[in-house]
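One-letter residues, chain by chain:
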Amino acid sequence: MPPLVALLAVRIDPLAVAVAVLAVAAYLVGVRRARARGGSWPLRRTVLFLVLGAGGYLLVTCGFTGVYSSVLRYAFVTRLVVLVTVVPALVVLGRPVALARAATGPEGGARVDRIIGSRAARALGNLVVAPLVPLALFTLLLTPFSGWLRVTPWGSAVVDTLVPAAGLAVAIPLAEPLVPSSGAVVVAEFMISFVELVADAIPAILLRLSGTVIDGMTHVAVNAPMWAPHPLRDQQLAGDLLWCIAEGADVPAVVLLFVRWLRSDRRESQQFDDLSDEEYERLAAEHLRGAPPTG
């Protein structure tokens, strides 16, 4: 692929532009309301949201990966993986949930906390469950359904809207946990997350090793540029990119787990330090008897 093609390829995707404009408008309205309530909002968070979050979304949907998704499978796979993993992570750098709390006051903040603290949000914010969402999407790449997503306008609309929404549904509870995790829970998440690191690679390996074009969209190659690879080679490149990007996107989750473990260890140590001598002796005695602590 000529480098200039990747740099200069641009298309105006009306749906993606509309999504980005609405997101930016909502964020800026939130900043204005937060300041009207007498609070302050860091400029760096606004810049992160606008440049990395909204800008990254537009780059993926309207740049090279958007232009060539329908004829190059590796462009489509890159678009899908970045929209479900990287773009949501960039969006949460702008702390949209914290902004919603600051903009809506105590009552609105309570509503936001109820949503973030709901059973569904807590499940998605669990680092055991969270990787299953992108894994399910990656598994779709092994089916003919991915070909429909790649070459039809409706499929493109699904990728540009529902895929990043699914990523945000995972990223926001992870970034804004309301209930601190205990040390034992974090250790269990650590162990399971390493298993899921291996599981993420399975769809990529199958794409890479398959001897046939899985999605069956070989006919779209007639519209591909002259420098495009053969459809089977295109699929192999898609598998390579899926493996690299998906595994790279798992690294922040492991780092987040490590941070959670440090915080839980510090919190539990402080709780023991705050115990009186009598409380500590009672807990030690209950532990030696095998009875659960009564608090």
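Residues numbered from 1 in each chain as written. Predicted model: local features only at pLDDT ≥ 70, side-chain atom pairs only at ≥ 80, totals over all residues. Heavy atoms only, no water.

**Some words on the overall build of the protein chain**
- When helices and strands are tallied, the protein chain shows 13 helices and zero strands.
- Within the protein chain, buried positions represent 39% of all 295 residues.
- For the protein chain, the share of sequence-separated contacts (at least 6 apart) that also reach a separation of at least 24 residues comes to 80%.
- Carbon and sulfur atoms form 70% of the exposed surface of the protein chain, whose accessible area is close to 15900 Å². (Helix = DSSP H or I, 4+ residues; strand = E, 2+ residues; numbered from the N terminus. Buried < 20%, exposed > 50% of the residue type's maximum accessible area, 1.4 Å probe, protein only. Contact = heavy atoms within 4.5 Å. Areas by Shrake-Rupley, 256 points an atom, 1.4 Å probe, with all protein chains shown as cover.)

**Description of the packing of helix α5 (residues 73–91) against helix α8 (residues 132–140)**
- In the contact formed by α5 and α8, the axes pass within 10 Å of each other and the chain directions differ by 170°. On the basis of their axis angle, the class for α5 and α8 is roughly antiparallel. Residues Leu80, Val81, Val84 and Thr85 of α5 pack against Pro134, Leu137 and Phe138 of α8. (Axes fitted to C-alpha atoms, helices over the stretch in contact; angles between N-to-C directions. Parallel < 35°, antiparallel > 145°, perpendicular 65-115°, else oblique.)

**Here we look at helix α6 (residues 96–116)**
- Taking 1.5 Å as the rise per residue, α6 with 21 residues should run 30 Å; its terminal C-alpha atoms sit only 12 Å apart, a clear shortfall.
- Along α6, the sharpest kink reaches roughly 140°, centred on Gly105 and followed within four residues by the proline Pro106.
- For α6, the complete set of buried residues consists of Val97, Ala98, Leu99, Ala103, Gly105, Gly108, Gly109, Val112 and Ile116. (Expected span 1.5 Å × (residues − 1). Bend = angle between axes of the 7 residues up to and from the residue.)

**Concerning the nonpolar core**
- Ranked by internal contacts, the top residues of the largest apolar core, which has 41 residues, are Phe64, Tyr68, Leu72 and Leu242.
- Breaking this core down by element, the ones donating at least two residues are α2 (14–36), α3 (43–62), α5, α6, α8, α10 (153–175), α11 (183–209) and α12 (231–273).
- A total of eleven residues in this core trace back to one element, the largest contributor, which is α5.
- In terms of nonpolar packing, the next biggest core, distinct from the first, is built from six residues, Val92, Val112, Ile116 and Ala171 among them. (Core = buried A, V, L, I, M, F, W, Y, C linked by side-chain atoms within 4.5 Å.)

**Re unusual backbone geometry**
- We note that Arg95 has phi near 50°; this positive angle belongs to a residue other than glycine.
- A relative accessible area of 30% means that Arg95 is categorised as partly exposed.

**Re the pattern of salt bridges**
- By the definition in use, this model includes five salt bridges.
- In this structure, the salt-bridge partner of Arg11 is Asp13, at a minimum N-O distance of 3.0 Å.
- We classify Asp13 as buried; its relative accessible area is 8%.
- A salt bridge links Arg150 to Asp215, with the nearest nitrogen and oxygen atoms 2.9 Å apart. Taken together, the positions of Arg150 in helix α9 (residues 145–151) and Asp215 in the loop between α11 and α12 put the pair 65 residues apart, joining distant regions of the chain.
- Classification of Arg150 by relative accessible area gives buried; the value is 5%. (Salt bridge = Lys/Arg side-chain N within 4 Å of Asp/Glu carboxyl O.)

**A look at the side chain of Asp215**
- Overall, Asp215 belongs to the buried group, its relative accessible area being 5%.
- A polar side-chain atom of Asp215 sits 2.9 Å from a polar atom in the side chain of Arg150.
- What Asp215 contacts, discounting residues up to four positions off in sequence, is Arg73, Thr143, Pro144, Ser146, Gly147, Arg150 and Gln235. (Polar contact = N/O pair within 3.5 Å; in protein donor to acceptor, adjacent residues only side chain to side chain.)

**Structural notes on the side chain of Arg79**
- The residue Arg79 is located in helix α5 in this model.
- The buried category is assigned to Arg79, whose relative accessible area is 2%.
- If we ignore the near neighbours within four places in the chain, the residues touching Arg79 are Arg11, Val60, Thr65, Gly66, Ser69, Ser156, Val159 and Asp160.

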